[in-house]
Every structure is written in structure tokens, then in C-alpha cells.
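Read off the chains here:
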Amino acid sequence: FNGANWTGVGAATSGTIHSATELSTGELVVVGQFAELGGAVANQVAIQNGGTWSQLGVMGANDDILAMLPLSNGGLVVGGYFTSFGGAVASHVAVRSGGIWSPLGAGFDGVVTSLAQMPNGDIVAGGVFTSSGGVAVGNLARWDGVSWSSMGSGSSSYVYSMLVCENGDLIVGSQFVMGGVTYTAARWDGLAWHPFGQFLQASPFPSIGVVWDLIELEDGSVIATGVFDSVDGVAAEKIARWDGTSWFSLGSGLPGWGRAVAELPGGELVAGGSWTLSGGSGSNGVERWDGQQWAPFDTGIYQPKSIWDLVTLPNGDLILGGNFLTASATRTSAYRWDGAQWWSTGGSIAGLDASQAVVRSVVRMPNGDVALGGNFTLVDGQASAHLTFLESSCPASTTAFGAGCSGLGGLNTLATTMLPWTGSSFEAQANGMSTASLAVGVYGINSGSVPLVSLLPQAVIGCDLLVSADLLQLLLPIAGSVTSRLALPNTPILAGAVVHHQVCLLYTSDAAD
């Protein structure tokens, strides 16, 4: 607008522009939900210079993220509708390593809806696709670090959920036809698929059910939630438990579609989904199971249209993601439960409009950050295409020090497997253990260097005790390794505290370490 007339700025966009600003250089920057602007590829954010539009920076995915998988090395795999990520072609699956995004192999010819990592590090992708780089894969594929390959005959429909169990088996919520029977969940034992339940929905009309989410509890049982009212002939309203032999209902079940379920530190369950003040529950999309009955689990500060995902933090707090009916300048699509009430995670998350921003996937990264993926383009008014991270202002961390001694099982090493967050447990794994040994976990406030031979004459010369022995644990190695675990109280006074940890080996033979 020049004061008298409106004129175009030479831009035809494939989507919606949410915000525009002029830089001190006179260049115009716009952000929104679009894949191109003025005929140029511009993934959610673009800049006009001299009348020409171009991509500004690397701003994430060009379409929705539906699934995320944190890797033990700090990387992150994402899957969804997108066909490019970070400005590069990425057919529905991409990986971040060392802060750099890249496609994961050839990707797929269809949408990736679920991701999981097997015990050996292989990645499994599920969704709605038929091939990867010309290789036939029926909605399920396995990445071995080099290429994608099929997993048996795969599934015959959309993959809703996947769970890797402690024993290494993979459970998938989809449709599998075996022996002429359609099952809604199946178990992969590394060689073949086996039935894991026939989930059915009788109302409003008979149909095959849907398993939206699967989790394994501390006791080894499996919880499934979704759209069903029976499983293997047992009445179960939208949620059920597998005890290793049979399926059972959990009380009266959920008042609406179940989309996500999580276990709290005390063993209680939290389920989220699509319902609003229905079934007489008085809850808005979230309920809690105390082992006997379901009860509302919200304080009414938000109005969810649907809860899509739940994740438990190390201290027992809970973060949920979804889409919400309440629209305001400070609205968000993710909330945090601190044990007493729900809070906004901080910052607004926006999409095409306030009611359409959706957080579909929430995962906790190894460093404690929380990744949120879904259908949104702005976070706190800044361009953030379908992916954002919540970072702790006081992150837990560990640093290795000293050198391991060599014993009968090889070089002794110690690595962190769970960071020391307050309210959780600090865990570490020691390797290089021999079969004829015991281990002692040593925790201390101070570090030092005391030769072990000065404490135990049979000790190996050159091996030192590097930690003040304030707390000792006797540990039993299994298959050459042992896991040490230290419970940490949920108190702010521990923030910033430093604890030293070492694992020492005791041989039952003549040798000592």
C-alpha cells in the first residue's frame, strides 16, 4: 500500500502467510505455512530481495511430523507427511546427527506414522507405504544402517503404533492377516509375525478396531489403547492390559478414543484421547488409573480437542501434546503436569490458526530435552516448521574421568545410561565384567586417587579408587555387564550438586581387581 493503492509484491504462495516484517536493509521476510513463494522453494520462511523471493535459512519440514524417535547417541529420527527437511529432499523420514539433518536412506513412497529402535540399533519405520528405493516394503521396514528392507510380509494397513519390549520383540498396532483371520496387533520375534490380539469395535457399527498406542509396564505387562470395545472376545472399552497370557479390561475403560498412554513413577496410568466431558467422567481428554478405577486428571485450564501423545519426565512430571479449542495469544499445544496442576510448557504454538496447531508427537531426548513435532509453523512468534525443542535451564549431565583397569573380562568401562535428574534414578552400565566376579558400585561426594592395593592387598597394581566411599552397592554382573542405579530425591536442593561414581570388580578367583 503506497498511501493510495494496493499493489502485489510479486508473490504467489502455496499456503498461508502468518507474519511479515521489514529488515533494516529494506528486505521483506514472511513466515507461515507454505512450500513455495513467488515460484521459489521456500519452506515456511522466505525473504524478498530486489523483488525476488528465496528460502531464508533451514527451517525444518515442509509438512506434518507424525512420529519421532530419539537415538542413544543424541540423534533424532522423524517421520511424517514431509518430503523435504532442512531444505533437502527427505522422503517422509529424516535424521538429525550432530545438529545436521539428512534423509535416512531412500525414504518411502508414502507417509511414516510410527518409529522404533530395536536392541541392536536397527530402526523400524511403520506407516502407509509400499516401497523404499524400489524395494517392496509393506507398511513396515527396517533400517540396518545402510538401507531399508522388508519385515516378512509386513502389515496390510496403516501402522498406528509400535513397541519394542524388554525381550527384544516388536509389537505393532496395525492389521495383519494370518490364517485367514485379521488381527489388529502382531508381534515380531525377529523371524516372523505372530498374532497379538484381535481388537474389535461393535458400536456404532461392527468394525476392526485400532490400536493407537502401546506401552510396556515395569512388571512386563503391555497396555494397549485405541478405538475398540473388545479384544480376543474380552470386553475392554478403549484400553486393555496383556499379562503375558491373556487380555484384561481396566475397569470401565475410557469415555472416548484412546490415543496415548503413559505410566507414572508410582505405577499409575495416564491415558489421553478424544473426549470432552463425556461418559459422566467430567474429564477433558485425560484420565488417570490408580489400579482400581479411572478418575479425571485435569484442572480445566485447557480445552483439548484431542490429546495425541504423552511422555513422562524423569522427575515424574508429565507432558502432553495435542490440539486445543481454546484460542488466545498465549495458547499452546503442550502442557505439563507437576504433580498438582497443569501448566503451559511456555510459549505459544501456532498453525494456520489457533485451533489448528497440533502437537502429534512428544519424545524425551537422552540429554533431557523434550522434542515436540506436529502441525505448526510458529513457536513464540518465531518460525519453527513442525518441530521444536523444550530445553532445561538446569540440565543434568555426566563427565567421564579416570581410566578403567583391564581384568579377566577385558577393559572395564563405565557409561551413563540415564542422566541424574532429580526425582528419577541415575543409571550407569559397566562392561568388561567376567563370569566369576562381583561388582561394587561406589558413590561419593569427593573424588580422589587411592591405590586399591592399599585397601586390599590382592588388588591389581595400578588400579585406583577414584571416589570417596560414601555409599556402596553390591552388584551381580550378567553377561559381562552390570547396571548401577542411584535413586535421587525430587528436591531442588540437589540442583547443581556433583556426585562421583565408580564400579569396582571383585573376583571370586585368586585374581582381584
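What this report covers is the structure whose coordinates are included nearby. Everything numeric here is computed off the predicted structure, so don't read it as measured data.

## What about the overall build of the protein?
Summing up its helical and strand segments, the protein has 0 helices and 54 strands in all. When each of the 513 residues of the protein is scored for burial, the buried share is 48%. For the protein, restricting intrachain contacts to residue pairs at least 6 apart in sequence, the fraction spanning at least 24 positions comes to 43%. For the protein, the accessible surface area stands at approximately 23,200 Å², while carbon and sulfur atoms represent 54% of it.

## Focus: the sheet that holds strand β19 (residues 161-164)
With antiparallel pairing, the 4 strands of this open sheet are ordered in space as β19-β20-β21-β22. Bordering the open sheet on either side are β19 and β22 (193-195), each of which pairs with just one other strand. Averaged over all pairs of adjacent strands, the angle between their axes in this sheet comes to 50°, without regard to strand direction.

## Quick look at the packing of aromatic side chains
Both the distance between ring centres and the angle between the ring planes are used here to describe each pair of aromatic rings. Evaluation of the coordinates by the stated rule reveals 16 aromatic pairs. On the basis of an interplanar angle of 55° and a centroid distance of 5.1 Å, the ring pair of Phe 196 and Trp 242 is categorised as tilted. Of the two residues, Phe 196 is situated in the loop between β22 and β23 (199-201) and Trp 242 in strand β29 (residues 239-242); the sequence distance between them amounts to 46 residues. Across the pair, Trp 242 and Phe 196 agree in class, each one buried. Taken together, the ring pairs connect Phe 196, Phe 199, Phe 228, Trp 242 and Trp 247 into an aromatic cluster. Arg 259 extends its terminal NZ or CZ atom over the ring of Trp 308, reaching a point 4.1 Å from the ring centre. Its guanidinium or amino end placed over the ring of Trp 308, Arg 360 lies 4.7 Å from that ring's centre, counting from NZ or CZ.

## A closer look at the state of the cysteines
Cysteine pairs can be linked by a disulfide, which is a covalent bond between their two sulfur atoms. If you walk through the whole model with that rule in mind, you get 1 disulfide. Free cysteine Cys 504: the closest other cysteine sulfur is in Cys 405, separated by 8.5 Å. For Cys 504, a relative accessible area of 13% gives the class buried.

## Section: the environment of Tyr 81
Looking at the secondary structure, you find Tyr 81 in the loop between β8 (76-80) and β9 (84-85). On the basis of relative accessibility, which here comes to 40%, the residue Tyr 81 falls in the partly exposed class. Separated by 11 residues in sequence, Tyr 81 and His 92 place their C-alpha atoms 5.6 Å apart. Excluding anything up to four places from it in sequence, Tyr 81 contacts Asp 63, Asp 64, Leu 66, His 92 and Val 111.

## Points about the pairing of strand β41 (residues 370-375)
Of all 6 residues in β41, 6 are buried, a share of seventy percent or more. Two elements, strand β40 (residues 358-364) and β41, share 6 bridges in a ladder whose sense is antiparallel. Bridging across to β41, Val 359 finds its partner in Gly 374. Remark: 5 residues form the turn of the hairpin made by β40 and β41, two consecutive strands paired antiparallel; Gly 368 in that turn has positive phi of roughly 100°. The pairing of β41 with strand β44 (residues 387-390) spans 4 bridges and is classified as antiparallel. Bridge assignment links Leu 372 to a residue of β44, and that residue is Thr 388.

Parameters and conventions
- Residues numbered from 1 in each chain as written.
- Predicted model: local features only at pLDDT ≥ 70, side-chain atom pairs only at ≥ 80, totals over all residues.
- Heavy atoms only, no water.
- Helix = DSSP H or I, 4+ residues; strand = E, 2+ residues; numbered from the N terminus.
- Buried < 20%, exposed > 50% of the residue type's maximum accessible area, 1.4 Å probe, protein only.
- Contact = heavy atoms within 4.5 Å.
- Areas by Shrake-Rupley, 256 points an atom, 1.4 Å probe, with all protein chains shown as cover.
- Pairing = 2+ DSSP bridges.
- Axes fitted to C-alpha atoms, helices over the stretch in contact; angles between N-to-C directions.
- Phe/Tyr/Trp six-rings, centres within 6.5 Å; stacked < 30°, edge-to-face > 60°.
- Lys NZ or Arg CZ within 6 Å of the ring centre and 35° of its normal.
- Disulfide = S-S within 2.5 Å.

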